[in-house]
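Report on the structure
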Amino acid sequence: MTKRRFLMLSTCALSLALVGRAGSLKGGGGAAPVPMRLTDQEFWKLSADSSESSKPFHSENLVSNEIRFQTVVPALAQSAVPGRAYIGVGSEQNFTYIAATRPSIAVIIDIRRGNLDLHLIYKALFEMSANRVDFVSRVFSREKPAGLTAASTAAEIFAAFQKATLSQELYNRNLKEIKAALQTTHGFPLSSADLQGVDFVYSAWFRSGPGLRYELTGGGGGNFPTYAELMTATDASGKNRSYLASEDSFRIVKDLQVRNLIVPVVGDFGGPKAIRAVAAYLKQKEATVSTFYTSNVEQYLRQDGIFGNFCASAATLPIDAMSVFVRSARAGFAGQSAVLGANGNFNLEVKPMKPDLASCSTAR
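An account of the accompanying structure is given in this report. (Residues numbered from 1 in each chain as written. Predicted model: local features only at pLDDT ≥ 70, side-chain atom pairs only at ≥ 80, totals over all residues. Heavy atoms only, no water.)

Details of the packing of aromatic side chains
Per the counting criterion, the structure on display carries 27 aromatic pairs. Both rings, one in F269 and one in F292, keep their centres 5.4 Å apart while their planes meet at 70 degrees; by these two values the pair is edge-to-face. Of this pair, F269 sits in the loop between β3 (262-266) and α12 (274-284) while F292 sits in strand β4 (residues 289-295), and the two are 23 residues apart along the sequence. In this structure, F269 and F292 share a single accessibility class: buried. The positively charged end of K123 is found above the aromatic ring belonging to F43, 5.1 Å away from the centroid. The aromatic ring of F307 is capped on one face by R302, whose charged end is 3.7 Å from the ring centroid. (Phe/Tyr/Trp six-rings, centres within 6.5 Å; stacked < 30°, edge-to-face > 60°. Helix = DSSP H or I, 4+ residues; strand = E, 2+ residues; numbered from the N terminus. Buried < 20%, exposed > 50% of the residue type's maximum accessible area, 1.4 Å probe, protein only. Lys NZ or Arg CZ within 6 Å of the ring centre and 35° of its normal.)

Written out as structure tokens, the structure reads:
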């Protein structure tokens, strides 16, 4: 091959790569892509301007209770268009779906201010941690066990940390560094209530470690899966697909966190503001929604008689035929048998958003 022909082919390949990268960030061919990075001020403004008042809920949601959450990951990984927008609710299960869908931006909307505090802690810990072992050590304030490597499985990592000694010294240092990262490094104007929320979440993780379970407000509840069980669960084929299953999955989430592109928002799905504000932002950036993980929130909206509010707000989101809901239901969906009993009482499904929202009026 001549030098001239080599240079021509190299230039062509680079041009195609740049075009592909730009197209994916536009989430569907728009002219105003989501920024490669949000400034600290943009991150906080998007969160604050989109948020509603916090409301109480019947559980603390410090960890998920959906042991079957990985069963939909193969479908998401196959169908999701990378570089679009992800919307979710709840805690760490979002990171697994984010790793699978590879969005350009993710927004986590939850009715409790405490969930925003939780995700700010996660943000700081992702930024501070070099790898999965370092991360799990910081999350639970346990000393790093010897023998773990970048090739270790999630099962090996959590088996080792189950035996690790909790460290009050490590907890105190980590908590101080978390607050410094949020308040000093990022300059986020955390209220005294937010700082108390950070203390509450992080102390709960410290006390329970990898054995942390979903609990009802005030304590108690069913035989819910532990954090370790959630991270070492599998899809239907027996493959572990959690965000801690591999360094690659971990890095996808870490990279978005470092670039301020996983944004927590306080909002009621049936409320007047949060979803519509996020929709307006995404439309401004011409970003199409890839995935909207609603968990089983729609169940509560129907019980409360405000599902129509959610439907109307969700209909304002920029979606197309590839946009999907990820839902869970305690008794299963039509055509599915219920999965009942300890650690397995939620089925999940992936459904196109467009048909479900076609009849929804966008009027307030």
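Quick word on unusual backbone geometry
The residue S141 is not glycine, and still its phi comes out positive at about 55 degrees. Mapped onto the secondary structure, S141 falls in the loop between α6 (132-140) and α7 (154-162). Non-glycine residue S295 carries a positive phi angle of around 50 degrees. Since its relative accessible area comes to 9%, S295 is described here as buried.

Things to note about the state of the cysteines
Inspection of the entire model under this criterion finds one disulfide. Covalent S-S linkage joins C311 and C360, the inter-sulfur distance amounting to 1.5 Å. Of this pair, C311 sits in helix α14 (residues 307-314) while C360 is found in the segment after α15 (353-357), placing the two residues 49 residues apart along the sequence. For C360, a relative accessible area of 14% gives the class buried. (Disulfide = S-S within 2.5 Å.)

What to know about the sheet that holds β4
Strand order in this open sheet of six strands is β3-β2-β1-β4-β5-β6, and the pairing throughout is mixed. The open sheet has two edge strands with one neighbour each: β3 and β6 (347-352). Strand-to-strand twist across the sheet, computed as the mean angle between neighbouring axes with direction ignored, equals 15 degrees. Two strands pair when backbone bridges link them, and strand β5 (residues 324-329) and β6 are joined in this way by six bridges, in the antiparallel orientation. (Pairing = 2+ DSSP bridges. Axes fitted to C-alpha atoms, helices over the stretch in contact; angles between N-to-C directions.)

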